Amino acid sequence: MGETLYLDANASEPLRPAAREAVIAGLDLVGNPASIHAAGRAARGRIEAARAVIAAHCGARAQDVVLLSGATEANALALSGLGGARAVLIGATEHEAVRAAAPGAGIVPVGRDGVIDLDALDRLLAGDSDALVCVMAANNETGVINPVEAVAAVCARHGALLHVDAVQAVGRGLADFLRLGAASVAISAHKIGGPKGIGALVLTPEAAGGLVPMLRGGGQERGRRGGTPNVPAILGFAAAIAAIDPGEIGRLAAMRDAIEAAAVAESAIVVGGGALRLGNTSCLALPGVSAETQLIALDLDQICVSAGAACSSGKMARSHVIDAMGWPELAGCAIRVSLPWNAPDDAAERFIAAYRRMADRALRKRQGFSTSPASRPLGAELV
Ligand code: PLP
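Here is what the cut-offs are and how they apply
Residues numbered from 1 in each chain as written. Predicted model: local features only at pLDDT ≥ 70, side-chain atom pairs only at ≥ 80, totals over all residues. Heavy atoms only, no water. Axes fitted to C-alpha atoms, helices over the stretch in contact; angles between N-to-C directions. Helix = DSSP H or I, 4+ residues; strand = E, 2+ residues; numbered from the N terminus. Parallel < 35°, antiparallel > 145°, perpendicular 65-115°, else oblique. Left-handed = near helix turned anticlockwise from the far one by under 90°. Contact = heavy atoms within 4.5 Å. Nonpolar A, V, L, I, M, F, W, Y, C, P; charged D, E, K, R; others polar. Pairing = 2+ DSSP bridges. Near = heavy atom within 4 Å. Polar contact = N/O pair within 3.5 Å; in protein donor to acceptor, adjacent residues only side chain to side chain. Areas by Shrake-Rupley, 256 points an atom, 1.4 Å probe, with all protein chains shown as cover.

### Section: the packing of helix α5 (residues 118–125) against helix α6 (residues 148–157)
Okay, step 1: At their nearest, the axes of α5 and α6 sit 10 Å apart, and the two run at 20° to each other. On the basis of their axis angle, the class for α5 and α6 is roughly parallel. In terms of crossing hand, the pair formed by α5 and α6 is right-handed. Here L118, L121, D122 and L125 of α5 lie close against α6, whose contacting residues are A150, V151, V154, C155 and R157.
Okay, step 2: Along the lines of polarity and charge, the residues of the contact of α5 with α6 split into seven nonpolar, no polar and two charged.

### A closer look at the sheet that holds strand β10 (residues 281–285)
Okay, step 1: The strand order across the open sheet built from three strands is β9-β10-β12, with neighbouring strands paired in antiparallel fashion. Each edge of the open sheet is held by one strand with a lone partner, namely β9 (269–270) and β12 (334–338).
Okay, step 2: With two bridges joining them, β9 and β10 adopt antiparallel strand pairing. Across the sheet, the residue bridging to V270 is L284, located in β10.
Okay, step 3: The strands that helix α9 (residues 248–265) touches are β9, β10 and β12; relative to β10, the one it contacts most, it runs at about 10°.
Okay, step 4: Where helix α10 (residues 291–300) meets the sheet, its contacts fall on β10 and β12, and the angle it forms with β12 comes to roughly 40°.

### Remarks on the site of the ligand
Okay, step 1: Near the ligand, the surroundings consist of 13 residues, among which T72, D165, Q168, S188 and K191 are the closest.
Okay, step 2: In the environment of the ligand, an oxygen atom lies 2.8 Å from a nitrogen or oxygen atom belonging to the backbone of A71.
Okay, step 3: Side-chain polar atom of T72 to an oxygen atom of the ligand: 2.6 Å apart, as the coordinates give it.
Okay, step 4: If the ligand stood free it would expose 400 Å²; the protein chains cover 87% of that surface.

### What about the packing of α10 against helix α12 (residues 347–365)?
Okay, step 1: Running from N to C, α10 and α12 cross one another at 130°; their axes reach a closest spacing of 10 Å. As far as their axial angle goes, α12 and α10 are oblique. For the pair α10 and α12, the sense of crossing is right-handed. Residues Q294, A297 and L298 of α10 form the contact with α12, whose own contacting residues are F351, A354, Y355, M358 and R361.
Okay, step 2: Of the residues in the contact of α10 with α12, the class split is six nonpolar, one polar and one charged.

Laid out in structure tokens, this is it:
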């Protein structure tokens with residue numbers, strides 16, 4: 001038996017060695033950062049240095065970075081704390097963290113390729129001069145990238161604020177969302193090789209000034225988020241950001257492209273394949289073969305992938321993302337392959353061998369179905 005091959009980076013990236021070291025060192029910082037004595041000041045100094053690293057990566061001022069428990073909280077804080085009396089619009093393929101935090105929001109549709117529909121956004125904003133729009137930089141299931149600058153321009157035309165869920169974009173070749181016109185950005189450490197349970201809402205000075213807190217507590221984070229800071233996690237978060245190698249994503253993209261070429265030869269369809277996508281992510285639909293069947297077969301081959309978003313119940317939910325893209329027939333039969341920063345060089349080779357075994361077995365089982373390309377139930381040109 002070989003080693004387990006972990007290809008579920010979009011659920012959680014493996015911890016980077018520098019982040020591990022920083023977390024471990026942080027565990028020994030005994031002081032509460034709010035205390036005025038030397039131990040408190042030592043912890044506070046380390047947090048402020050970490051905040052500066054996170055801020056610099058996002059093109060923000062350090063004082064406009066609110067450290068909190070992760071992107072679920074960051075999105076919720078943006079939607080409630082900037083939303084206020086504003087009308088809220090969210091993209092149709094947003095993560096559950098956004099959907100659940102804005103239950104009454106208007107929905108901005110996406111095209112068949114998964115990219116936000118700018119004309120629809122323009123129409124939805126017409127007549128509203130004070131809305132809050134939330135659009136993700138890149139989708140967690142398909143890797144489809146949204147044109148944040150163009151979205152921000154539409155928002156600006158209508159006087160709307162833009163919040164960007166940048167969780168999947170950080171460290172993967174996309175950045176600078178505040179400079180592109182966003183008012184706030186949600187990021188999460190465990191999606192970039194940092195520890196779980198820590199993230200940030202990063203704001204422009206204007207947006208930071210108007211943010212209404214959800215948790216007040218002891219007034220930490222300049223009164224924007226109460227609660228004793230998680231010192232080791234914050235240090236690990238900054239260390240993970242500092243350890244990002246800009247060349248990483250190109251190496252992963254080459255492997256991802258090889259995986260997709262092999263999967264398409266097995267009758268798979270690349271969901272969102274026509275759009276600009278994250279280099280590490282592939283959403284592969286195998287028509288007629290349930291995602292669950294695929295995951296189990298790959299798991300038996302010691303390959304960890306997922307079906308859409310990781311679900312806390314461990315159950316598999318139908319993908320609202322693929323449904324929103326207008327491919328309901330594919331929503332139950334798509335898996336997500338997301339290569340982590342430390343994917344081994346033979347990751348594509350191993351995945352392809354296992355995928356072929358799985359696809360051949362599953363497709364042979366289907367009565368009257370031939371695996372020849374001529375009889376594919378849906379064409380690979382669809383998405
Ligand atoms: N937004 C997106 C796009 C995500 O992929 C995730 C995690 O899966 C989240 C938000 C939530 O992040 P966290 O796990 O830090 O709460």
